[in-house]
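Residue-level structure breakdown
This is what each chain is made of:
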Amino acid sequence: MGCGQSQEALVCPSKKKSENGQVKPVAEVRGMARQSEGSIDAQTIEEYLELEKKIAFAEQTSPALLLQQKRDQKAHLEERLKLQKRNYEALQEQTDLLRHNEALLGILGEQVLEAEVKQKLLELGEDQQEEKREAVATFNNKEIAKAELENLEEQFSAIDTDILGLEDESKQLQSLYSRQDELLGRIFGGDYGSAAENQYEHELDQHEEMRNRILEANFKWKQAQMMVDYAYKQLNEAVKQWSLLPNIDASKLEERYGIACIARNNLVASAQNIQGAQRYLSNVQFPYCAPGEVATLNKATAYIFTDMQTSSRHQHALDCYSTTAKRCGALLQWINQVVTNTIAKDLDDINKKVKSSSMALRQERVTLIKAKAKELTGEDIDIKVADINTDANVQLNINDLARTEGIDPNLLATLNAMDLQALRSISDEDLAPPPSQEDIFGQADALKDQYKEENNKIIRQFEENQARVQDSLQQKLAMRRQRRARKQMDEQEREAYLE
């Protein structure tokens, strides 16, 4: 498949190094390959066919696509870490001022633990209710900020590890492409074997570029689906724990505080996961759990330790948590509809097109290789075109989740019909309308039109110039170089769009 094999090569192999390390154009290298055309044998052919399988297998995980996404995520994480560190430091200064507020707490020694300071705040009388509520919320916000900072630091460390692994995978795939180009150059002497090979390679280029766009959308939406699924489970756990408080005697302050902490941790993490899902789908407006709703949830969570002290405030908070949980369930329904009814179907369709184009290209090349071998050796070589799985998909990243104890992230990868039935709070008919195709796939539709127009133009030009092109090696290679340049330009534009 050579350079037409996949967009996985961020820059399709277009140059080789000579023995002295100088870069040489492919045309020159393949031109030199003409001198060793007679070395084609069964071993060369077997190696080429085996490379086809290795490349198809390596492309299934889309390492270059994921690598670019990870690098983009890392850049965003760096900015979020800086902001979160400043936020935490500001809250630390505020709690230090509260700790030394003699009018509110009296004189406290430096040896007094923060837990004891919060206990003293909770014991303040009704005449200081407002001061107590704000002071406890400040300490609570600091704990929340610290937890989020630690979560971001864990994500940053994990993403560095992921990037190293993907860089290695991408290099290995590039190496396979280079070796495949070398073998094609040896077999065909730097030329296209036929006009059909040229056309099939071009069609495969088109389908694989389109698949990369769909794969990118698939990854983002399924990652958001997983994060919202986890948030939904966390919100339900928070509601469950919060509902236990009225049954615990008011004198058992430590037990009540422990239950409230579990509820708070799940509320905080659920908000972070919903926000994470929104970052993956930054061009999409959520119909449920929009940023304003999440901000309201975060504000309610900040007052959780004072809301636990009176039945009226407890009920008000419970209503807020329960409503958010139901709307998060509706958001999960909505995202799942997009994934199953639109993206999955488009991905299945484009995978079939890639498989068909890939098989056509392999069959044409095998036919040409057999003819070339017959021409050089005078013998017929039996070559069978194996059926290769060219389907591509991407694995989700559970490291992006803000996790809480008791909820296994490994159970979030798929949603079956029973799971969906259990979470449904809104009928499919009443669910918010799905987003537009452009919101889902970005510029994919425009890309389809662009490729259709380019393909028709190339066919016309090729038919008009076929005889002349076949007479000139440079002209025969020109179309391949143009496609390589276009693929490189497309990749640069895509990277700029992601940034």
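Above: the structure in question.
Computed from a predicted model, the values in this text were never measured in an experiment.

Looking now at the overall build of the chain. Assigned secondary structure in the chain consists of 15 helices and two strands. Carbon and sulfur atoms make up 49% of the accessible area of the chain, which totals about 24,600 Å².

An ideal rise of 1.5 Å per residue puts 26 Å on 18 residues; helix α2 (residues 42-59) measures up with 26 Å between its terminal C-alpha atoms. If you follow the buried residues of α2, they end up packed against α6 (129-188), α7 (195-242) and α11 (311-377).

Among the nonpolar cores identified, the biggest contains 69 residues, and W221, W242, Y321 and W334 are the most heavily contacted of them. The element contributing the most residues to this core is α11, with 14 residues. In this structure, Y48, Y177, L183 and V366 belong to the second largest nonpolar core, which totals 16 residues.

The subject of this paragraph is a negative patch on the surface. Together, E126, D127, E130, E131 and E134 line one region of the surface with negative charge. Here E126 lies in the loop between α5 (114-122) and α6. Assessed through its relative accessible area of 63%, E126 is described here as exposed.

Let us look at the packing of aromatic side chains. Evaluation of the coordinates by the stated rule reveals five aromatic pairs. Where W242 meets Y321, the ring centres are 5.7 Å apart and the plane angle is 75°; that geometry is what we call edge-to-face. Placement of the pair is W242 in helix α7 and Y321 in helix α11, with a sequence separation of 79 residues. For the pair formed by W242 and Y321, the shared burial category is buried. Between the aromatic rings of Y257 and F305, the centroid separation amounts to 4.7 Å while the plane-to-plane angle is 20°, which identifies the pairing as stacked. Of this pair, Y257 sits in helix α8 (residues 253-280) while F305 is found in helix α10 (residues 304-307), placing the two residues 48 residues apart along the sequence. The partly exposed category is assigned to Y257, whose relative accessible area is 23%. The class for F305 is buried, based on a relative accessible area of 2%. Through a chain of ring-to-ring contacts, the aromatic side chains of W221, F286 and W334 assemble into a single cluster. Note that R133 overlies the ring of Y303, its terminal NZ or CZ placed 3.8 Å from the centroid.

Moving on: the side chain of Q69. In this fold, Q69 is placed in helix α3 (residues 63-99). Classification of Q69 by relative accessible area gives buried; the value is 5%. Filtering out sequence-adjacent residues up to four positions away, Q69 remains in contact with E216 and F219.

Despite not being glycine, S62 shows a phi value in the positive range, around 45°. Note that S62 resides in the loop between α2 and α3. Note on S62: relative accessible area 0%, which makes it buried. Despite not being glycine, C289 shows a phi value in the positive range, around 55°. Note that C289 resides in the loop between α8 and α9 (291-302).

This paragraph deals with the packing of α6 against α8. A pair of packed helices can be characterised by two numbers: the angle between their axes and the separation between those axes. Contact pair α6 / α8: the axes reach a minimum separation of 11 Å and the direction vectors enclose 50°. The pairing of α6 with α8 is recorded here as oblique in orientation. For α6 against α8, the interelement crossing comes out right-handed. Packed against α6, whose contacting residues are N140, E143, I144, E148 and N151, the element α8 presents Y257, R264, V268 and Q272 at the interface. Taken together, the residues of the contact of α6 with α8 break down into three nonpolar, three polar and three charged.

A separate point is the environment of I407. Summarising the element assignment, I407 is placed in the loop between α11 and α12 (417-423). In the structure, I407 is positioned 173 residues away from Q234 in sequence and 7.7 Å away in space, judged by C-alpha atoms. Contact partners of I407, with chain neighbours within four places excluded, come to Y230, K233, Q234 and N266.

Below, the discussion takes up the state of the cysteines. For the coordinates displayed, the defined rule picks out zero disulfides. Of all cysteine sulfurs in the structure, the one in C328 sits closest to C289, which takes part in no disulfide; the separation is 4.8 Å.

Structurally, A330 is set in helix α11. According to the relative accessible area criterion, A330 is buried, its value standing at 0%. Note: C-alpha distance between A330 and A432 (102 residues apart in sequence) is 8.9 Å.

A separate point is the pattern of salt bridges. By the definition in use, this model includes 18 salt bridges. Here K118 and E143 are joined by a salt bridge, their closest N and O atoms 1.9 Å apart. Residue K118 is found in helix α5, and its partner E143 is found in helix α6; the two are separated by 25 residues along the sequence. For K118, a relative accessible area of 11% translates into the label buried. For R213, the salt bridge identified is with E209, shortest N-O distance 3.2 Å. You can see R213 and its partner E209 sitting in helix α7, four residues apart, about one turn around the helix. Comparing R213 with E209 shows no difference in burial state: the two are buried. Three or more residues joined by partner-sharing salt bridges are found here, namely E47, R179 and E182.

Cut-offs and rules
Residues numbered from 1 in each chain as written. Predicted model: local features only at pLDDT ≥ 70, side-chain atom pairs only at ≥ 80, totals over all residues. Heavy atoms only, no water. Helix = DSSP H or I, 4+ residues; strand = E, 2+ residues; numbered from the N terminus. Areas by Shrake-Rupley, 256 points an atom, 1.4 Å probe, with all protein chains shown as cover. Expected span 1.5 Å × (residues − 1). Contact = heavy atoms within 4.5 Å. Core = buried A, V, L, I, M, F, W, Y, C linked by side-chain atoms within 4.5 Å. Buried < 20%, exposed > 50% of the residue type's maximum accessible area, 1.4 Å probe, protein only. Patch = residues over 30% accessible without salt bridge, like charges linked within 9 Å, V, L, I, M, F, W, Y side chains within 5 Å. Salt bridge = Lys/Arg side-chain N within 4 Å of Asp/Glu carboxyl O. Lys, Arg positive; Asp, Glu negative; His and termini not counted. Charge placed at Lys NZ, Arg CZ, Asp CG, Glu CD. Phe/Tyr/Trp six-rings, centres within 6.5 Å; stacked < 30°, edge-to-face > 60°. Lys NZ or Arg CZ within 6 Å of the ring centre and 35° of its normal. Axes fitted to C-alpha atoms, helices over the stretch in contact; angles between N-to-C directions. Parallel < 35°, antiparallel > 145°, perpendicular 65-115°, else oblique. Left-handed = near helix turned anticlockwise from the far one by under 90°. Nonpolar A, V, L, I, M, F, W, Y, C, P; charged D, E, K, R; others polar. Disulfide = S-S within 2.5 Å.

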